[in-house]
Amino acid sequence: MKRNIVIAVVTAAALVGGGTATALAVSGDDAPTTRATDTRAADDGRDDDARDDDGARDRDDDAQAVPSDVTAADAVAAALKHTPGTAVSAELDDGDDGGEAAWEVDVLAGGDTWHSVRVDPATGKVLGAHEDDEDDADEVRAALKGASVTAEEAAKAAAAEGTVVSVDLDDDGDQGWEAETRTSGGDERDWRVDPASGKVTADRDDSGDDGDDD
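Everything numeric in this text was worked out from a predicted model, so none of it was measured.

With that out of the way, let us pick up the nonpolar core. W103, V105, V119 and W177 are the most contacted members of the largest nonpolar core, which totals 33 residues. Of all the secondary-structure elements, those providing two or more residues to this core are α4 (72-82), β3 (86-93), β4 (102-108), β5 (114-119), α5 (137-144), α6 (151-158), β7 (163-170) and β8 (176-182). Of all the elements, α4 adds the most residues to this core, at 6 residues. Look past the residues within four positions of V105 in its chain and what remains in contact with it is A75, V76, A79, A87, S89, A90, H115, S116 and V117.

Now for a negative patch on the surface. On the surface, E131, D133, E134, D135, D138 and E139 cluster together to form a negatively charged patch. Since its relative accessible area comes to 78%, D133 is described here as exposed.

This part covers the pattern of salt bridges. The final tally for this structure, using the stated rule, is 7 salt bridges. Across the salt bridge formed by R118 and E104, the nearest N and O atoms sit 2.6 Å from each other. Remark: E104 occurs in strand β4 and R118 occurs in strand β5; sequence separation between them is 14 residues. Looking at E104, the relative accessible area reads 29%, which means it is partly exposed. We note a salt bridge from D170 to R192, for which the minimum N-O separation is 3.1 Å. Taken together, the residues span a long stretch of sequence, with D170 in strand β7 and R192 in strand β9 (residues 188-193) at a distance of 22 residues. Both residues of the pair, D170 and R192, count as buried.

Definitions and limits used
Residues numbered from 1 in each chain as written. Predicted model: local features only at pLDDT ≥ 70, side-chain atom pairs only at ≥ 80, totals over all residues. Heavy atoms only, no water. Core = buried A, V, L, I, M, F, W, Y, C linked by side-chain atoms within 4.5 Å. Buried < 20%, exposed > 50% of the residue type's maximum accessible area, 1.4 Å probe, protein only. Helix = DSSP H or I, 4+ residues; strand = E, 2+ residues; numbered from the N terminus. Contact = heavy atoms within 4.5 Å. Patch = residues over 30% accessible without salt bridge, like charges linked within 9 Å, V, L, I, M, F, W, Y side chains within 5 Å. Areas by Shrake-Rupley, 256 points an atom, 1.4 Å probe, with all protein chains shown as cover. Salt bridge = Lys/Arg side-chain N within 4 Å of Asp/Glu carboxyl O. Lys, Arg positive; Asp, Glu negative; His and termini not counted. Charge placed at Lys NZ, Arg CZ, Asp CG, Glu CD.

Below, the structure is given as structure tokens:
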């Protein structure tokens, strides 16, 4: 009888408390021993939404824009000081593949040898350089023939349209310099820089409504 009463009392306590209770009883006239364990999850003030919004998305968004105190033109100048020649392209590698963020500048040196020079986007120091195995030196020199605008000057001209994240020589098609700019909001635009005059115009391939005029 005593055992039944104890179990009934503990069960009722568990139901009222919203938890789980365990009752231990011993036979005979010994007083039964009970132990109640509350298994309700502690409310620590956090929920799934809070954990989802812990700032991870903001960090991803911030990673898209690499702080760069060194402009594309600065990077080209630093690369040419380290490796004399003709700069053909400069591109800001944001390191989103796990590598180190850097400007990568391709330089065509004497003897038709190619060099890739990495420049720190924060300090302008050359991080390293290595020789590349490229075979399009003839095409590049043909595209540069008669050009008076260098990669550095093309980068400076395109900077009027936004932050230049790449400048590259188009050695086929229309030829000339191609530049890509990025706004503070992350929008990217493509531009063409005339190799003779330095005039900057919107890239036709980057305009969705070009050619649709009545």
